[in-house]
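# Architecture at a glance
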Amino acid sequence: MNTEIQDLPDAGEAVRIVPLGGLGEVGRNCNVIEYKGKIVVADCGVLFPEETQPGVDLILPNLDYLEDKLDRIEAIVLTHGHEDHIGAVPYLLKMREDIPVVGSQLTVAFVEAKLSEHRIKPVIHVVREGDTMNIAGMDFEFIAVNHSIPDALAMFIKTPEGNILITGDFKMDQLPLDGRLTDLRAFAAAGEEGVDVFMCDSTNAEVPGFVSSEAEIQPVIDRVIGQATGQIVVASFASHVHRIQQVLNAAVRNEKKVAFVGRSMVRNMMIAEELGYLDVPPNTIVDIKNMDGIPANKRVYMSTGSQGEPMAVLARIANRNHPRIHVGEGDTVLFASSLIPGNENSVFRLINGLIKLGAQVVHQGNAKVHVSGHAAQGELLYCYNILRPAYAIPIHGEARHQVANAGIAIKTGVPHDNVILAENGSVIDVLDGKAQLIGQVPFHNIYVDGSSVGDITESELKDRQILSNEGFIAIFAVVDNRSKNIITGPHIQARAMAEDDAVFDDILPDVTQALQDALNKGSDTYGMQQAMRRAIGRWASRKLRRSPMIIPTVVDI
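The following refers to the structure shown. Note that the structure is predicted; figures quoted are calculated from it, not measured.

For the rest of this paragraph, the subject is the nonpolar core. Leu 66, Ile 76, Val 89 and Leu 92 are the most contacted members of the largest nonpolar core, which totals 71 residues. Beyond its immediate sequence surroundings of up to four residues, Val 89 is in contact with Cys 44, Ile 76, Leu 78, Val 101, Val 111 and Leu 115. Within the second largest apolar cluster, 31 residues are counted, among which are Ala 75, Val 77, Phe 142 and Val 197.

Another point: helix α13 (residues 508–520). Taking 1.5 Å of rise per residue, 13 residues should cover 18 Å, and α13 covers 18 Å from first to last C-alpha, within 8% of that figure. Buried residues of α13: Val 511, Ala 514, Leu 515, Ala 518 and Leu 519, and no others. Seen from one end, α13 has its buried residues packed into an arc of 140°, which puts them on one side. Where α13 is buried, its residues meet β23 (472–480), β24 (485–495), α14 (525–544) and β25 (549–556). Of the residues flanking the end of α13, it is Gly 522, one or two places downstream, whose phi is positive at about 80°.

Neither face of strand β16 (residues 332–335) is open: one carries Thr 332 and Leu 334, the other Val 333 and Phe 335, and all of them are buried. Pairing analysis gives 4 bridges linking strand β13 (residues 232–235) to β16, with the strands arranged parallel. Residue pairing across strands places Ile 232 opposite Thr 332, the latter belonging to β16. Pairing of β16 with strand β17 (residues 360–362), which is carried by 3 bridges, proceeds in the parallel orientation. When the sheet's bridge partners are listed, Val 333 is paired in β17 with Val 361.

A separate point is empty space enclosed by the protein. Tallied over the full model, the rule gives 2 cavities of 30 Å³ or more. By volume, the largest cavity amounts to about 50 Å³. Asn 29, Asn 31, Asp 43, His 85, Ile 166, Gly 168, Asp 169, Ile 395 and His 396 are the residues that line the largest cavity. Tallied by class, the residues present in the lining of the largest cavity amount to 2 nonpolar, 5 polar and 2 charged. Estimates place the volume of the second largest cavity at around 40 Å³. Its residues placed into classes, the lining of the second largest cavity shows 2 nonpolar, 3 polar and 4 charged.

On to the side chain of Asp 480. Along the chain, Asp 480 turns up in strand β23. Apart from the residues lying within four places of it in its own chain, the contact partners of Asp 480 are Asn 485, Ile 487, Leu 519, Asp 556 and Ile 557.

The mixed open sheet is built from 8 strands, whose spatial order is β7-β6-β5-β3-β2-β1-β19-β20. In the strand order of this sheet, the two ends are held by β7 (123–126) and β20 (434–440), each with one partner. Going across the sheet, the axis of each strand differs from the next one's by a mean of 25°, ignoring polarity. Bridging between strand β1 (residues 15–21) and strand β2 (residues 30–35) involves 6 bridges; their strand directions are antiparallel. In the strand pairing of β2, Val 18 is matched with Val 32.

Conventions adopted
- The written sequence of each chain sets the order in which its residues are numbered from 1.
- Where local features are concerned, this predicted model is filtered to residues with pLDDT of at least 70; where side-chain atom pairs are given and counted, the filter is 80 or more; whole-chain, interface and lining totals use all residues.
- Excluded from the side-chain calculations are hydrogens and water; all other atoms, namely the structure's heavy atoms, are used.
- Within this scheme, the nonpolar core is defined by two criteria: the residues are buried Ala, Val, Leu, Ile, Met, Phe, Trp, Tyr or Cys, and they are joined through side-chain atoms within 4.5 Å.
- Whether a residue is buried, partly exposed or exposed follows from its accessible area with a 1.4 Å probe, protein chains only, as a fraction of its type maximum: under 20%, in between, or over 50%, in that order.
- Residues are treated as being in contact if the distance between any of their heavy atoms lies within 4.5 Å.
- Each helix is a run of DSSP H or I of at least 4 residues and each strand a run of E of at least 2, with the numbering of both proceeding from the N terminus.
- The span one expects for a helix is its residue count, reduced by one, times 1.5 Å.
- Here the arc refers to the directions that run from the helix axis out to each C-beta atom.
- Between any two strands, at least two bridges found by DSSP are needed for them to pair.
- Grid points spaced at 1 Å and placed over the protein atoms alone form the basis of the search, with a cavity being a set where a 1.4 Å probe fits but cannot get out and a pocket an open set showing protein on both sides within 12 Å along at least five of seven lines. Lining residues have an atom within 4 Å of a point.
- Grid points are joined across faces, edges and corners, and a volume is the space filled by probe spheres set on the points.
- Under the grouping applied here, Gly and all other residues not named as nonpolar or charged are polar, the nonpolar ones being Ala, Val, Leu, Ile, Met, Phe, Trp, Tyr, Cys and Pro and the charged ones Asp, Glu, Lys and Arg.
- In this description, a line fitted to the C-alpha atoms serves as the axis of each element, helices being fitted only across the stretch in contact, and the angle between N-to-C directions of two axes falls anywhere from 0 to 180 degrees.

This is a description of form; function is not addressed.
Below, the structure written as C-alpha cells:
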C-alpha cells in the first residue's frame, strides 16, 4: 500500500501512529502518536551516516511531516538519553521552541546540555518510573526498564481506542549495576489491563537466549586495565554511564588515573556525576592537560570514537593528529562498546590503524568487553507472554530484526494478521482496540551537513560518491562561434584520479575534434560542452574503466 499523505482519511476517533524513523534501520527512532488532532512525538533521535554518504554529519527523522502540524504537538516524550533517541530534539525545537520535553532526570539533563549548544532553553517535565501524565488526551504511565544507560523508561499509553506499550530500548539484566530492574510487575499489570498494541525493540530479536549481565564485564575490564604495561585508551559511547563506571572502578583498583576525552564525554560524565548516576572516587579524574605528569603505565583515557567516527578522539589518535594522546608499542586500546550495523568497515579500519602503531587492541571480537543493551529472544518471549498483546509492531531495528521479532510474536500467540511490519512513514490507526495499516506518507532523509539542514539532496550525495569513487575531470575551451575557430584549449585537468594529467594527451585530439565539429554545426555553448563531455566520457570508460564527474566549460567570445 502506498497511499500518499493527501489521500489518507482523517484519523477521526482513531489513535494514529506514524513512525518517522527507526524502522528498517538502527537509529533515528521517532514515532508520532496522534489523537483527536493532538500529537505526541515519542523519541526524536538521529541516524549516523554510512560511508556512502560522504560529508554528512547526521541524518534526521522525516520532520517535514510535522512542519504543518507544529501547533498541534503537545510534547516530545523520551525513553532514554542515547543519541538515536534524543539527537534530533534540537532540530524539532528549532521549528517550534516551546514544545515541552518529557523524560527521566538523566535523559532531560543530557537533552538540556545538548540544547544549550543550540541556544535553546527548553520547557522540561521530569518524570520517573511509576509516574502518570495526561498528554494530548492520552494517559502516559512510565515503566522502569534497564538498558546500557541509566534512567531508561518504557511508556504505557492508555487511550479510549486502545492501549499502546512502547518499550524504547530495553533488556532484562537481573544483576544491573545500578540495581534498577526492568519492572516486570508493571509489565504484568499492563498485560492485565490489556495491551492492544505492543511496539517492541527488535535489535537483538535474532539473538538466541538471554543477554548477559553488565556485571560479567567487570572482570574482563579489570584484567585488561590491570595487565596493561603502558597507556590505556578506552573507547565507548559518551552516554554509556555503566561502562564508564566499570572503567573507573578498575582504574581505582589498579591505582591508575582517568582523563575524560572528547567534548560529549566530558559533558555527559559531569552531568552523570552531578546527578549521582556516576560514582567518581576522589583523586581519580585528571584533566587531560595534566596527564603528561603521570607515568604512562598509570594513564587511562576514556574517549569517544568507538564506531570509527572520522572526527572523534580515537580516529584522531589512530591518524596521529591528536594534540595530546599518542599511542605506540606497549599501549592498549579497549573498545568497550558494541559494533553498530553499518559501521563495520570504519571500525575495522580504525583497529588496523591502531595495531599498525604498535598498540594492543582489545575488542568485541577477541574478548568479552561488551554486553548488549537490547533484549534477546528469551527476554522478548517473556515480554510477549506477560503482556499477551492483541497486535505487535516490531520497531527499532533493520528489516531482519523486525521480521525475527514478528516471528517471536506469532510463536507466543499473536495472530499472524495482527503483526504489522511497518516501515518509516507507515500510517497505523488504532480504533476500538484494532490496529490497521492504512497507508504511507512520503518519506525522505533529512541530512545535516555542517550548519546546513535538509539542503543536501540524494542527487548531491550521488555526486559526492562519484567524486569520491571515480574522480573529477574539468575541460575548458574558448571559441569564436562566428569564425568557427577554437581560440584556446581544450585544456583538461583531473582531480582525485590516480592517473597523471599526461594520460589525457591521448584523448585531447579527439576532444578538440568533437568541439570543432560542434562549432561547424553551429551548436551553442551547451551543445559544444556536451560534445566534449561525450568524447572524454567514452574514452574514460573504455581506457580508464572509470566514470568520473565531467565538467566542461566553453566560453564564446
